[in-house]
Amino acid sequence: MHQARKKLVKILQAVVDGRRARKSGNLSETQKDMMELLMDVEENGRKLDDEEIIDIILMYLNAGHESSAHATMWATLFLQQHPECLQKAKREQEEIIRGRPSTEKGLIYKEIKQMEYLSKVIDETLRAVTISLFTCREAKTDVSINGYTIPQGWKVLVWFRGVHMDPENYPNPKDFNPSRWEENKHKVGTFFPFGRGTRLCPGSDLAKLEIYTFLHYFLLDYELEPLNPGTAVTYLPHSTPGDNCLAKIKKLSSSSSSYKKV
Ligand code: HEM
């Protein structure tokens, strides 16, 4: 881990040097990338130094890659394990292709908004797997909850999986059941895939967009065939099939995404 970090820091240092040499001062705000925007940040008259900028980029790389990849893997696997859900999700994607004007070349945001069933599949995946198991907070004042007092200054660990697996919130919580979201009536405080409050995950919309996009194309054109079906799941740091989801990915002969409206 330490070695990997050292390697990444070296790569990113070269990028920082390049950006500094590019004199991004002449670029407009919309032309600047994240690294250039971080270089502009000023707090109490002080700019971030290279080490801080690299640290933030590394955090985003880590927070933004593993979690979305895991959620996508689980959604694909759950669908493979539940053929009736897979068919429903696939039909929805085929419907979208059928309604697509011939002038349109690929998936657009408006179509993602139409994916009602897939949105349930994604929410159910995020609930059932709970990619980020917990978060931490510090009590700024004494807080009283359900007859317990959390004294000021105490650190609290919020265990999201406990909430997502509570049968009071979700009957038969271990079942993968996208239909439980049908009435869209989950109670406040029962669904925290991306945390809550001012530290809510800033990548939640991007993550969901990535998952929708992957599933759209995958459902239309591919099929997953796990090599070791039924492998036991390991739980820390992320829930993962014990064999790391070894699988064959087959391209379907009747590739639906190339379906043309007639
Ligand atoms: C399925 C994918 C993802 C899940 C389940 C997830 C989940 C979470 C959770 C639970 C938190 C803690 C929030 C809190 O304490 O209230 C968090 C924080 C964070 N996430 Fe994500 N995340 C995902 C994708 C991403 C992506 C794609 C990015 C960036 C591109 C990202 C960047 C971050 C960052 C920077 C934080 C720290 C925010 C802060 O402390 O202010 N995440 N995420």
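The structure we're discussing is the one just above.
On a predicted model such as this, the values are computed, not experimentally measured, just so you know.

S.K.: Looking at this structure, I do not really get the layout of surface pockets. What am I missing?
M.R.: Any empty space left between atoms is shown by rolling a water-sized probe over those atoms. Reported here for the largest pocket is a volume of approximately 1400 Å³. Lining the largest pocket we find 43 residues, and of these Met 59, Asn 62, Ala 63, Gly 64 and Ser 132 sit closest to its centre. For the lining of the largest pocket, the secondary-structure elements that each account for two or more residues are α1 (2–21), α3 (50–81), β3 (134–138) and α8 (204–221). With twelve residues, the single largest contributor to the lining of the largest pocket is α3. Considered class by class, the residues forming the lining of the largest pocket number 24 nonpolar, 13 polar and six charged. Taken as a whole, the second largest pocket holds about 470 Å³ of empty space. Surrounding the second largest pocket, 23 residues form its lining, Trp 74, Phe 78, Gln 81, Val 233 and Tyr 235 being those nearest its centre. Elements with a contribution of two residues or more to the lining of the second largest pocket: α3 and α6 (116–129). No other element matches the five residues that α3 contributes to the lining of the second largest pocket. Class assignment for the residues of the lining of the second largest pocket results in 13 nonpolar, seven polar and three charged.

S.K.: What am I meant to see in the coordination of the iron atom of the ligand here?
M.R.: Tetrahedral coordination by four donors places them ideally at 109.5 degrees to one another around the metal; octahedral coordination by six donors ideally gives 90 or 180 degrees. The protein supplies the iron atom of the ligand with one donor atom, Cys 201 (SG), which lies at 2.3 Å. One can find Cys 201 in the loop between α7 (160–164) and α8.

S.K.: Please clarify how the site of the ligand should be interpreted in this entry.
M.R.: As a matter of local geometry, the ligand sits amid 22 residues, with Thr 135, Arg 137, Arg 196, Arg 199 and Cys 201 nearest to it. Contact distances for the ligand include 2.5 Å between an oxygen atom and a side-chain N or O atom of Thr 135. In a pocket analysis with a 2 Å cut-off to the grid points, the ligand is assigned to the largest pocket. Those elements that place two or more of their residues in the shell around the ligand are α3, β3 and α8.

S.K.: Would you take a moment to explain the side chain of Glu 124 for this structure?
M.R.: Counting through the fold element by element, Glu 124 comes out in helix α6. Dropping the residues within four chain positions of it, Glu 124 is found in contact with Asp 175, Phe 176, Asn 177, Pro 178, Arg 180 and Trp 181.

S.K.: Please explain a nonpolar patch on the surface as it appears in this structure.
M.R.: Taken together, the side chains of Leu 8, Ile 11 and Leu 61 present a nonpolar region at the surface, about 270 Å² in accessible area. Tracing the sequence through the fold places Leu 8 in helix α1.

S.K.: Would you explain the pattern of salt bridges in this entry?
M.R.: Any two side chains of opposite charge can pair, on the condition that their charged atoms come close. A full pass over the atoms with the stated rule returns 14 salt bridges. The residue Arg 180 makes a salt bridge to Glu 124 at a minimum N-O spacing of 3.0 Å. You can see Arg 180 sitting in the loop between α7 and α8 and its partner Glu 124 sitting in helix α6, a full 56 residues away along the chain. The partly exposed category is assigned to Arg 180, whose relative accessible area is 21%. Lys 155 is the partner of Glu 138 in a salt bridge, and the nearest nitrogen-oxygen pair spans 3.7 Å.

S.K.: Sorry, what's going on with the packing of α1 against α3 here?
M.R.: The axes of two packed helices give the description: the angle between them and the distance between them. At their nearest, the axes of α1 and α3 sit 10 Å apart, and the two run at 120 degrees to each other. Once α1 is placed against α3, the crossing between them reads as right-handed. Here Arg 5, Leu 8, Val 9, Leu 12, Gln 13, Val 16, Asp 17 and Arg 20 of α1 lie close against α3, whose contacting residues are Asp 50, Ile 53, Ile 54, Asp 55, Ile 57 and Leu 58. Among the residues forming the contact of α1 with α3, the class breakdown is eight nonpolar, one polar and five charged.

Cut-offs applied
As a convention, each chain's residues are numbered from 1 in the sequence order in which they are written. Selection of residues for local features in this predicted model requires a pLDDT of at least 70, selection of side-chain atom pairs for listing and counting requires 80 or more, and totals for whole chains, interfaces and linings are taken over all residues. Heavy atoms from the whole structure form the basis of all side-chain values; hydrogens and water molecules are not counted. The way it works is a 1 Å grid over only the protein atoms, where trapped points that fit a 1.4 Å probe form a cavity and open points with protein on both sides within 12 Å along at least five of seven lines form a pocket, and then any residue with an atom within 4 Å of a point lines it. Grid points are joined across faces, edges and corners, and a volume is the space filled by probe spheres set on the points. Counting from the N terminus, the helices are the DSSP runs of H or I reaching at least four residues and the strands are the DSSP runs of E reaching at least two. Nonpolar residues are Ala, Val, Leu, Ile, Met, Phe, Trp, Tyr, Cys and Pro. Charged residues are Asp, Glu, Lys and Arg, and all others, Gly as well, are polar. Donor criterion used throughout: N, O or S atom within 2.8 Å of the metal, extended to 3.2 Å for Na, K and Ca. Water excluded; incomplete-looking sites may result. In these notes, residues near a molecule or strand are those with any non-hydrogen atom within 4 Å of it. Counted as a polar contact is a pair of N or O atoms within 3.5 Å, where, for protein atoms, one must be capable of donating a hydrogen and the other of accepting one, and residues adjacent in sequence contribute only when both atoms are in side chains. Any molecule with more than half of its atoms within 2 Å of a cavity's or pocket's grid points is counted as sitting in it. Here, residues are in contact when the closest pair of their heavy atoms is within 4.5 Å. To count toward a patch, a residue needs a relative accessible area above 30% and no salt bridge. Like charges then connect within 9 Å, nonpolar side chains (Val, Leu, Ile, Met, Phe, Trp, Tyr) within 5 Å. Note on areas: Shrake-Rupley with a 1.4 Å probe; residue coverage comes only from the protein chains shown. A pair is scored as a salt bridge if a Lys or Arg side-chain nitrogen falls within 4 Å of a carboxyl oxygen belonging to Asp or Glu. For the exposure calls, accessible area comes from a 1.4 Å probe over protein chains only, and a residue counts as buried if that area is under 20% of its type's maximum, exposed if over 50%, partly exposed in between. For helices, the axis comes from a line fit to the C-alpha atoms of the stretch in contact; other axes are also lines fit to C-alpha atoms, and the angle between any two N-to-C directions lies between 0 and 180 degrees. A crossing counts as left-handed when the near helix is turned anticlockwise from the far one by less than a right angle, and as right-handed when that turn is clockwise.

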